[in-house]
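# Summary of the model geometry
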Amino acid sequence: MISKNFLKSSFIYTVIGALPLASSIILLPFYTNFLDTSDFGILAIYISFTFLIQIIVNFGFDVYIGIHFFEYKDNKEKLREYVGTVVVSLLVLGIFVTALSFLVGNFSFGILFQQKDITFFPYGFMSVLTAICNSFFKTYCSLLINQQSPVRFFWVNLFNFILTIAISLSGLYLYPHTLIGPMWGRLLSGVGIFLLALYFFATEFGLNFQTKLLKGIFLFCLPMLIYFLMSWVLSYIDRYIINYFLTTSDVGVYDFAVKCTLLIDFLLMGIANSIVPKIYKIWSDEKISSSTVEVNRYYNAFTAITVLMIALTMLIIPVLVPLIVYKESYYAAFAFVPLLSLSFIFRGAYTMYLMPILFFKKTKVLPKIFFFSAVLQIIVSVLMAKQWGLTGVVWSVVITKPVQVYFLYLESKKIFQFKFNKMKVLLLPLLFSILIILTEQFLTGRINSLLVHCMELIMGSILVFLIYRKELSSLLKTYTLF
């Protein structure tokens, strides 16, 4: 049975760890009411560019620092050397990327984007600076998660959240119908959290740079960099494909539809933040390389929550969004929310297959896995965008996500022996996906959409109850809400 401490820490890391997503959700109605779909699409391009640069400058250090914390947690001096080297490396990379972007950024944007509204100066360069700051802070948060330091984790993320909201809203009201507020809000809050993380890194670990560690860092992090770059392609290349074949307004509608699913990502990211260090600790302490009942419970719970969260999202989005978003041009996104929500359905299996690769430092297989996944995504997205527009792009996301999971499985099974309940982790998501696709295909437009989504939530709840009835019964006997 999952412990009460896990439930408490899950709440902390779910809510606080997902505050960056929460800020996006809170700011979303303000962005949509102050920006038209075209400007919103341009903002989506800049934000996705920020994430790309963040991946490059981070170089996989956020994963590296978490893995090696467990390896050297009992050797303080060794830990200081590793952390100090990571911090200095991040600073050097940040300076290098800043200088390089200043020199070639304008030329690169001129080639990539034909629209005059998407330029490198000033917003592209601001995106680079924001990415560098966020990368540094993300690495520090990874360390806090693995240190199991929830109090400091709470306060530094709350600081980032308040700063982002305050500056962004101030800019929106002072300079409405422009990107000044959103872009400066992201940059200035990024500078704030960068300085905060630098202070804590320096005071707790120092800047102890060791050149002897660079080879090991490079060998571990290079595959992670390629993996995250391919992950970026899988997550964000669709905006650029839409921008090329369609319009920035279409980018805005699609990006708004994706952001309507942030509630799912919000919860799943927080749960992952909670279970990853706990599973790593179990593997580290018990020296095992195969599935256990204790660890499998985390994945089972993860999958059940995913199904329910997807069903709930499909129901509440068309009801709640019109209460806070007044421009009807954004409502076209509702048609894409169910399918985009299903792109999260195998997140439990994805996490289960990915974690052994990271823990046992077999990261060299990740570039291969995600390279083929990314190539498939691009090919399918381009073909379907040309043929069916936005609908085709959405379907390409749904089609390619399970392929990523399968590729992960093929490599992960070589280093880890999996024994788990396939009904709970694989068949439940598959059955639910089939039900959603059928109801959306044959019922939407024929009966009230709210009724359709209520039926989907009921069906998802019934499936979870039938498959998890023993666990739910045991949980109710152990914990009480009052």
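These figures come from a predicted structure and were not determined experimentally. (Residues numbered from 1 in each chain as written. Predicted model: local features only at pLDDT ≥ 70, side-chain atom pairs only at ≥ 80, totals over all residues. Heavy atoms only, no water.)

### Quick look at empty space enclosed by the protein
Stated formally: Method remark: on a 1 Å grid restricted to protein atoms, a set of points is classed as a cavity if a 1.4 Å probe fits but cannot get out and as a pocket if it is open with protein on both sides within 12 Å along at least five of seven lines; lining residues have an atom within 4 Å of a point. Grid points are joined across faces, edges and corners, and a volume is the space filled by probe spheres set on the points. The secondary structure listing takes helices from DSSP runs of H or I that are at least 4 residues long and strands from runs of E that are at least 2 residues long, numbered from the N terminus. The classification used treats Ala, Val, Leu, Ile, Met, Phe, Trp, Tyr, Cys and Pro as nonpolar, Asp, Glu, Lys and Arg as charged, and all other residues, Gly among them, as polar.
If you walk through the whole model with that rule in mind, you get 2 cavities of 30 Å³ or more. Its volume calculated, the second largest cavity comes out at about 40 Å³. Looking at the second largest cavity, the residues that line it are Tyr64, Ile65, His68, Phe69, Leu79, Tyr82, Val83 and Val86. Elements with a contribution of two residues or more to the lining of the second largest cavity: α4 (61-72) and α5 (76-112). Grouping the constituent residues of the lining of the second largest cavity by class yields 7 nonpolar, 1 polar and no charged.

### So, the packing of helix α11 (residues 262-286) against helix α12 (residues 293-324)
Rules: For helices, the fitted axis covers only the stretch in contact; all axes are lines through C-alpha atoms, and the angles between them, taken along N-to-C directions, range from 0 to 180 degrees. Orientation categories follow fixed angle ranges, with anything under 35 degrees roughly parallel, anything over 145 roughly antiparallel, 65 to 115 roughly perpendicular, and all other angles oblique. Should any heavy atoms of two residues lie within 4.5 Å, those residues are considered in contact.
It is the contact of α11 with α12, at a shortest axis distance of 10 Å, that shows an interaxial angle of 180°. Our classification of the angle between α11 and α12 gives roughly antiparallel. Mapping the contact onto sequence places Leu263, Ile264, Leu267, Leu268, Ile271, Ala272, Ile275, Lys278, Ile279, Ile282, Trp283 and Glu286 in α11 and Glu294, Val295, Tyr298, Tyr299, Phe302, Ile305, Thr306, Met309, Ile310, Thr313 and Ile316 in α12. For the contact of α11 with α12, a count of residues per class yields 18 nonpolar, 2 polar and 3 charged.

### As for the layout of surface pockets
Considering only enclosed or pocket space, the second largest pocket measures out at about 630 Å³ in volume. Along the wall of the second largest pocket there are 26 residues; nearest its centre are Ser108, Phe109, Leu112, Phe113 and Tyr240. Those elements that place two or more of their residues in the lining of the second largest pocket are α3 (37-58), α5, α6 (120-147) and α9 (214-245). The biggest single contributor to the lining of the second largest pocket is α5, with 9 residues. Considering only residue class, the lining of the second largest pocket consists of 20 nonpolar, 6 polar and no charged.

### Remarks on the environment of Asn146
Here Asn146 lies in helix α6. Along the primary structure Asn146 and Tyr82 are separated by 64 residues, whereas in three dimensions their C-alpha atoms are 15 Å apart. Discounting residues that sit within four places of it in the chain, Asn146 has contacts with Gly66, Phe69, Phe70, Pro277 and Tyr280.

### With respect to the confidence of the model for the protein chain
Atom-level detail of predicted coordinates should not be read off regions where pLDDT is low. For the record, the criterion: You can read pLDDT as the predictor saying how much it trusts each residue, on a scale of 0 to 100.
In the predicted model, the protein chain carries a mean pLDDT of 87, and 94% of its residues have values of at least 70. Per-residue pLDDT, averaged within each element of the protein chain, yields its smallest value for helix α1 (residues 4-17) (60) and its largest for helix α13 (residues 337-342) (95). In this model residues 478-482 is a low-confidence stretch, pLDDT under 50, and it forms 5 contacts with partners more than four residues away in sequence or in other chains.

### Thoughts on the packing of α3 against helix α10 (residues 248-259)
As a reminder, the rule being used: For a crossing to be left-handed, the near helix must be turned anticlockwise from the far one by less than a right angle; the clockwise case is right-handed.
In contact at an axis separation of 7 Å, α3 and α10 are set at 70° when each is read in the N-to-C sense. Relative to α10, the element α3 lies roughly perpendicular. When the axes of α3 and α10 are compared, the crossing they make is left-handed. Across from Thr37, Ser38, Phe40, Gly41, Ile42, Ala44 and Ile45 in α3, the residues of α10 making contact are Thr248, Ser249, Val251, Gly252, Val253, Asp255, Phe256 and Lys259. Taken together, the residues of the contact of α3 with α10 sort by class into 7 nonpolar, 6 polar and 2 charged.

### Considering the nonpolar core
To keep it simple, the criterion reads: Only buried residues count toward a nonpolar core. Its members are Ala, Val, Leu, Ile, Met, Phe, Trp, Tyr and Cys residues joined through side-chain atoms within 4.5 Å. Partly exposed describes any residue whose relative accessible area lies between the buried limit of under 20% and the exposed limit of over 50%, with all areas from a 1.4 Å probe on protein chains only and scaled to the type maximum.
Counting residues in hydrophobic clusters, the biggest one holds 159 residues, and the most contacted among them are Trp283, Leu366 and Phe432. Of the residues forming this core, the biggest block, 15 residues, is contributed by α6. Those residues in contact with Leu366, other than ones at most four positions away along the chain, are Met224, Tyr227, Leu354, Ile357, Leu358 and Leu408.

### So, the side chain of Thr50
You can see Thr50 is positioned in helix α3. Those residues in contact with Thr50 that lie beyond four places of it in its chain are Ser127, Thr130, Ala131 and Arg186.

### Notes on α10
For clarity, the threshold we go by: Here the expected length of a helix is defined as 1.5 Å per residue gap, with one fewer gap than residues.
Relative to the 16 Å expected for 12 residues at 1.5 Å per residue, α10 spans 16 Å between its end C-alpha atoms, a close match to the ideal helical length. Counting buried residues along α10, 10 of its 12 residues qualify, which places the element largely inside the surrounding structure. Every buried residue belonging to α10 is among Thr248, Val251, Gly252, Val253, Tyr254, Asp255, Phe256, Ala257, Val258 and Lys259, and all of these are buried.

### Looking at the packing of aromatic side chains
Here is the rule we go by: Note on aromatic contacts: the rings of Phe and Tyr and the six-membered ring of Trp form a pair at centre separations within 6.5 Å, being stacked when their planes are under 30 degrees apart, edge-to-face when over 60 apart, and tilted otherwise.
The final tally for this structure, using the stated rule, is 46 aromatic pairs. With a centroid separation of 5.7 Å and 70° between ring planes, the pair formed by Phe102 and Phe125 is classed as edge-to-face. Of this pair, Phe102 sits in helix α5 while Phe125 is found in helix α6, placing the two residues 23 residues apart along the sequence. Residue classification places Phe125 among the buried residues on the basis of a relative accessible area of 17%. A ring pair is formed by Trp283 and Phe416, whose centres lie 5.1 Å apart and whose planes are at 50°; its orientation type is tilted. Placement of the pair is Trp283 in helix α11 and Phe416 in the loop between α15 (366-412) and α16 (422-442), with a sequence separation of 133 residues.

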